[in-house]
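Report on the structure
Given next are the chains, with one letter for each unit.
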Amino acid sequence: MPPLRSWPLAALLLASAGLPAAAVEGVPGPFGETLSIDEKGITLKFPDDAATLRIGGRLQLDFGTGRVQQRGFGTVFDTPIAVRRSWIESYLTLGKQLELAFQYDFAEPNRPINDAVVAYKGFKDVIVALGNMKEPFSLNQLISDNNTLFTERSLADAFAPARNVGLAIGTHGERWTAVTSVFGGNINNAGIGAQGVASTTRITYAPWLSQDGNDVLHFGLAGSYRSLPNDGSALTLSSRSEAFLFARQFVNTGGIRDAASIGRVGLEAAWQTGPFRLQAEYILTEIGRFGGAPSLSFQGGYIQAGLLLNGKGRRYVIAPNYATEYAVFGGVQVEEAQRVSRGGTGVFELGVRYSAIDLEDRSIRGGIEQDFTAGINWYPDRNIRFVFDYVRSHTSPSPTSLNFNRRTIDADAFIGRAQLYW
């Protein structure tokens, strides 16, 4: 069952879900400040945009069942239900130039701090961000987990560097974006500099973009290079089937103890017209090694399609409020008349995805996995989402580390998620 510490956040989320704009708003305070509670969270705003503080959060509860067709695999799911994320979030805007963000996950014991960022926006169309944030790499990784099409990102997400401490500078035009950055390690780990230094850059261009942002053709290119310390620590790349509840990884390189560097190149493309979106990525990863040993190459990618049955397309957002999430797709909008609380039926969305990852090269026998995912999302009201996914996984050959003599692993999983966010 979810830890008890997650339930106070759940109570706050439930209290705010479904409330109309300005549902709770007090009279101005002694300094002219106003406090409001609505679907955007708890907001304290001072006059003349001097300062705005917003407190939000998210709760994601996963449940499901699975089967692995491989004798001796062991436990499939540790538990049939678990809290995936239980976040409290705070955002402080000072004037129009300074943005501070902090996110904490009560359900994650090892890396509870997510974004911890200070961003300066005093230059026209430029954001300078410092702190723990996502490295600018991979469209699927940069899209918020509140807005992903499925419960989990694709197998290729194993190659995305995700969040670390660094400095990023981003800019944009009407149809293009560019972000470059330097990163160390993650803020939750002892010794931010102990994981080497990375340089990561991403550029995007949208040759076709409608004024409302609902119709777009998107292309992106990202590159990242991280030098690793020569201290004997191991680099491991792994992925489980695209379901959080799986107890074990299906592909795993094991520890690569002579890894000197990790380089990544990512290609991304997306096309959205009205309620239909097609999106794909390919990531090539190369591991340099100490002592003159030959480098290792791994790869992965996905292609997915989503269709909103009775809703508008997801809005394409060129520039973020802070940090590195440029040129991404936002969430599904539930119109007033569609809300279940107003007598509607909500918004329904269908999705399918094929993804693959190859962790086989030279002496490394980490396995090759292919997943097929089909899902349906239901948005009964603002701030609420239910996700239902079927995931079919095929791993052949299996990793040497699983001691299955390189045999095939087939798995089926039915995964659901109840999600509240504001």
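Read on for a plain summary of the structure. (Residues numbered from 1 in each chain as written. Predicted model: local features only at pLDDT ≥ 70, side-chain atom pairs only at ≥ 80, totals over all residues. Heavy atoms only, no water.)

1. Some details on the overall build of the chain
Broken down by element type, the chain carries 2 helices and 23 strands. A compact globule built from 422 residues would reach a C-alpha radius of gyration of about 22 Å, and the chain, at 22 Å, matches this within 12%. Principal-axis analysis of the C-alpha atoms gives the chain an extent of 70 × 45 × 45 Å. In the chain, which comprises 422 residues, the proportion classed as buried is 51%. Look at the contacts in the chain between residues 6 or more apart in sequence, and 62% of them connect residues 24 or more apart. The average position of the 39 basic charges and that of the 40 acidic charges among the side chains of the chain differ by 3 Å. (Helix = DSSP H or I, 4+ residues; strand = E, 2+ residues; numbered from the N terminus. Rg over C-alpha atoms; globule rule 2.2 N^0.38 Å. Buried < 20%, exposed > 50% of the residue type's maximum accessible area, 1.4 Å probe, protein only. Contact = heavy atoms within 4.5 Å. Lys, Arg positive; Asp, Glu negative; His and termini not counted. Charge placed at Lys NZ, Arg CZ, Asp CG, Glu CD.)

2. Here's the deal with the pattern of salt bridges
Per the counting criterion, the structure on display carries 26 salt bridges. The shortest N-O distance in the salt bridge between Asp49 and Lys45 comes to 3.7 Å. For Lys45, a relative accessible area of 39% corresponds to the partly exposed category. Among the ionic pairs, Arg392 bridges to Asp410, the shortest N-O distance being 3.9 Å. Taken together, the residues Arg392 in strand 22 (residues 384-395) and Asp410 in strand 23 (residues 409-421) connect sequence positions 18 residues apart. Members of the salt-bridge network, linked through shared partners, are Glu39, Glu336, Arg339, Arg342, Asp381 and Arg382. (Salt bridge = Lys/Arg side-chain N within 4 Å of Asp/Glu carboxyl O.)

3. Regarding the environment of Pro112
Along the polypeptide, Pro112 turns up in the loop between strand 6 (98-105) and strand 7 (113-120). Pro112 sits in the buried class, given a relative accessible area of 12%. Spatially, the C-alpha atom of Pro112 lies 26 Å from that of Thr201, the residues being 89 residues apart in sequence. With residues up to four places along the chain from it excluded, the contact list for Pro112 reads Gln103, Tyr104, Asp105 and Asn188.

4. Observations concerning the packing of aromatic side chains
One pass over the structure, following the stated rule, counts 10 aromatic pairs. Aromatic pair Tyr104 and Phe106: ring centres 5.1 Å apart, planes at 65°, arrangement edge-to-face. Here Phe106 falls in the partly exposed class, since its relative accessible area comes to 30%. For the pair Phe246 and Phe250, a centre-to-centre distance of 5.1 Å together with 65° between the ring planes defines the contact as edge-to-face. The buried category is assigned to Phe246, whose relative accessible area is 2%. Grouped by ring-pair contacts, the aromatic residues Phe77, Phe246 and Phe250 constitute a single cluster. Above the ring of Phe329, the side-chain terminus of Arg277 is found at 4.5 Å from the ring centroid. (Phe/Tyr/Trp six-rings, centres within 6.5 Å; stacked < 30°, edge-to-face > 60°. Lys NZ or Arg CZ within 6 Å of the ring centre and 35° of its normal.)

5. Focus on the pairing of strand 11 (residues 197-209)
The side chains of a regular strand alternate, first on one face of the sheet and then on the other. Judged from the 8 bridges that link them, strand 10 (residues 176-183) and strand 11 form a sheet pairing that is antiparallel. Bridge pairing in strand 11 places Thr177 opposite Thr204. Taken together, the 11 bridges between strand 11 and strand 12 (residues 216-227) define a ladder with antiparallel strand orientation. In the strand pairing of strand 12, Thr204 is matched with Gly220. The antiparallel hairpin formed by strand 11 and strand 12 contains 6 residues in its connecting segment, where Gly213 sits at a positive phi of about 80°. (Pairing = 2+ DSSP bridges.)

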